[in-house]
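Here are the chains, one letter per residue:
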Amino acid sequence: QQPVQSPQAVILREGEDAVINCSSSKALYSVHWYRQKHGEAPVFLMILLKGGEQKGHEKISASFNEKKQQSSLYLTASQLSYSGTYFCGTERIGNQFYFGTGTSLTVIP
Amino acid sequence: GAGVSQTPSNKVTEKGKYVELRCDPISGHTALYWYRQSLGQGPEFLIYFQGTGAADDSGLPNDRFFAVRPEGSVSTLKIQRTERGDSAVYLCASSLGGLNTDTQYFGPGTRLTVL
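The following refers to the structure shown. Keep in mind that what you see is a predicted model, and the values were worked out from it rather than measured.

With that out of the way, let us pick up the overall build of chain A. Tallying secondary structure elements over chain A gives 0 helices and 10 strands in all. Here the contacts in chain A between residues at least 6 apart in sequence split such that 54% fall between residues at least 24 apart.

Our focus in this paragraph is the sheet that holds strand β8 (residues 75-79) of chain B. Residues and elements named next belong to chain B. With respect to topology, 4 strands assemble into an open sheet ordered β1-β3-β8-β7, the strand pairing being antiparallel. Sheet topology places β1 (5-7) and β7 (65-68) at the edges, where each strand pairs with a single neighbour. Ignoring strand direction, the axes of neighbouring strands in this sheet form an average angle of 15 degrees. Bridging between β7 and β8 involves 4 bridges; their strand directions are antiparallel. By the bridge assignment for β8, A67 is matched with L77.

A word on the side chain of Q104 of chain B. Locating Q104 of chain B in the fold gives a position in the loop between β9 (88-95) and β10 (105-106). Here the side chain of Q104 of chain B touches Y35 of chain B through a polar contact of 2.8 Å, side chain to side chain. The residues touching Q104 of chain B, leaving out its near neighbours within four places in the chain, are Y34, F44 and F97 of chain A together with Y33, Y35, A93, S94 and S95 of chain B.

A separate point is the interface of chain B and chain A. Each partner contributes to the interface: chain B provides 22 residues, whereas chain A provides 17 residues. Surface buried jointly by chain B and chain A totals about 1,600 Å² across both partners, of which 55% is contributed by carbon and sulfur atoms. Sorting the residues of chain B by area buried against chain A places P43, N100 and F106 of chain B first, and these three jointly supply 31% of that buried surface. Inspection of the region where chain B meets chain A yields 0 salt bridges. The interface formed by chain B and chain A holds 2 residue pairs in polar contact (both at pLDDT 80 or more) in total. Broken down by secondary-structure element, the contributors of at least two residues to the side of chain B that touches chain A are β4 (31-37), β5 (44-50) and β6 (53-56) of chain B. Taken together, the residues that form the side of chain B that touches chain A break down as 10 nonpolar, 10 polar and 2 charged.

All names here are of chain A. Pairing in this open sheet of 4 strands is antiparallel, and the strands run β1-β3-β7-β6 from one edge to the other. Of all strands in the sheet, those with a lone pairing partner are β1 (4-6) and β6 (60-65), marking the two edges. Along the sheet, successive strands turn relative to each other by an average axial angle of 15 degrees, direction set aside. In this sheet, strand β7 (residues 70-75) lies alongside strand β3 (residues 18-23) in antiparallel orientation, the contact comprising 6 bridges. Along β7, the bridge assignment pairs S23 with Q70.

Conventions and cut-offs
- Residues numbered from 1 in each chain as written.
- Chains lettered and ligands numbered in written order.
- Predicted model: local features only at pLDDT ≥ 70, side-chain atom pairs only at ≥ 80, totals over all residues.
- Heavy atoms only, no water.
- Helix = DSSP H or I, 4+ residues; strand = E, 2+ residues; numbered from the N terminus.
- Contact = heavy atoms within 4.5 Å.
- Pairing = 2+ DSSP bridges.
- Axes fitted to C-alpha atoms, helices over the stretch in contact; angles between N-to-C directions.
- Polar contact = N/O pair within 3.5 Å; in protein donor to acceptor, adjacent residues only side chain to side chain.
- Buried area = accessible area lost by both parts, 1.4 Å probe.
- Salt bridge = Lys/Arg side-chain N within 4 Å of Asp/Glu carboxyl O.
- Nonpolar A, V, L, I, M, F, W, Y, C, P; charged D, E, K, R; others polar.

Below, the structure written as structure tokens:
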């Protein structure tokens, strides 16, 4: 039931771009993206709804393909502050909310 | 309050003991979630409240786990006869309405260690 994310981990140099993918085996109504730094709580980035795409930050955007039950998070011109673990989260029928397997992103100078 | 607060921040207990973890959501938020996060894993859904009622408790692992939200604000997660496998960070989140469009705001978590 847990969405699967890829890659599991990625290391970038400052200024490079990255794409994180999230795939679910179940029908999705929305996809949420969160970032969690070590020892801290997850922090909201953005929500994507069926039929739409929402950009939460200037250099971080995302897409949602409800037919394929997939979402992708795009990070452009990465900064050191982007480091952390990124989770997608999906809400399906009912009220359960499931976080993905996580992607560890490390940005180095 | 300004954000979601959780107490205690750390709890160490012995196997077999009873523990209570408290969550104080953002004022006005009707939806409240509890999650459990083990090291290196994503948060695992436990239970969702809409107001005072548990709208979905399908994530609770067994009947040793129970949660209440008697007045629709503060919630308490209760764990009976704790086991070493219960050790994890327990996260609470609240949102305005619990809809697909609502952002979840997370508290700092309670780190539970069962010896």
